[in-house]
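Chain by chain, the residues run as shown.
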Amino acid sequence: MFELYLDTADVNEVKRFNCCLPLHGITTNPTILAKSHQGLNETLRAMAEVIDGEPRFHAQVVSTTVDTMVAEAKQLAALPYDMVVKVPATETGLAAIKQMKQAGITVLATAIYTVQQGLLAALCGADYLAPYVNRIDALNGDGVGVVADIQTLLNQHNLKAKILAASFKNSQQAMNVLRLGIGAITLPVDVAAQLFQHPAVQPAVDQFSADWQQSFGSKLSFES
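Only a predicted model underlies this, so the values are computations on that prediction, with no experimental measurement involved. (Residues numbered from 1 in each chain as written. Predicted model: local features only at pLDDT ≥ 70, side-chain atom pairs only at ≥ 80, totals over all residues. Heavy atoms only, no water.)

(A) The environment of Asp 190, seen in detail. Secondary-structure assignment places Asp 190 in helix H10 (residues 189-194). In this structure Asp 190 comes out as partly exposed when scored by relative accessible area, which is 46%. With 21 residues separating them along the chain, Asp 190 and Lys 169 place their C-alpha atoms 8.7 Å apart. (Helix = DSSP H or I, 4+ residues; strand = E, 2+ residues; numbered from the N terminus. Buried < 20%, exposed > 50% of the residue type's maximum accessible area, 1.4 Å probe, protein only.)

Now the structure itself:
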């Protein structure tokens, strides 16, 4: 099943988009939480109240050694939510991911900039892989190409990891990676809004209203 996430700690925006989008949950990172000036526990409590069903939350470790990453991951996994622990796909992070998987923790390998990072994280057992599409583009790379190559390797080697593409500047980037058949995506709220915005939409809706009112006034459709 495809999974759609919002990459935010803004509960008001999540409440807004939950009304019109089939949100699977949210993703966070230390920067998002720091900018929101609220901790993880406060954020998750608020999100659980506004997202339908049993949302899945992705939260990142801030520890920097294998042992402390694993210990922190166990505490995150023990929170009373459907938790995924985010771990940077570094040498230290990959070592921690192997231990986390042995402990039965659901893991997302994050900060993926290269195809090899994605492959290695999948081989270490990561459940999700988060390539940073726009950040790769900003470094004169090909973000969509990296996602495509990772997905190809996952398919060729029958690896169970699911790509959860991240870091988007606009909706076109998002649509380009969705065409690759990835399993999940997380969007900033401004990019999520772009998905159903087009300059021609509102004028068309306004014309419908004007034409109807000219012929039928204030009647509703079933009253005409």
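(B) Broad picture of the sheet that holds strand S4 (residues 82-88). One closed barrel holds the 8 strands; their spatial order is S1-S2-S3-S4-S5-S6-S7-S8, and the pairing between them is parallel. Across the sheet, the mean angle from the axis of one strand to that of its neighbour is 25°, orientation sign disregarded. Where strand S1 (residues 3-7) lies against strand S2 (residues 25-27), 3 bridges are found, and the strand directions are parallel. The residue of S2 that forms the bridge with Asp 7 is Thr 27. Together, S2, strand S3 (56-60) and S4 form the strand contacts of helix H3 (residues 40-50), whose direction differs from that of S3 by roughly 165°. Running at roughly 150° to S4, helix H5 (residues 91-102) makes contact with S4 and strand S5 (107-112) of the sheet. (Pairing = 2+ DSSP bridges. Axes fitted to C-alpha atoms, helices over the stretch in contact; angles between N-to-C directions. Contact = heavy atoms within 4.5 Å.)

(C) Layout of the pairing of S1. In terms of burial, S1 is a largely internal element, 4 of the 5 residues being buried. Both S1 and strand S8 (residues 184-187) contribute to a ladder of 4 bridges, which runs parallel. Within the sheet, the bridge partner assigned to Leu 4 lies in S8 and is Ile 185.

It is worth stressing that arrangement in space is one thing and function is another; only the former is reported here.
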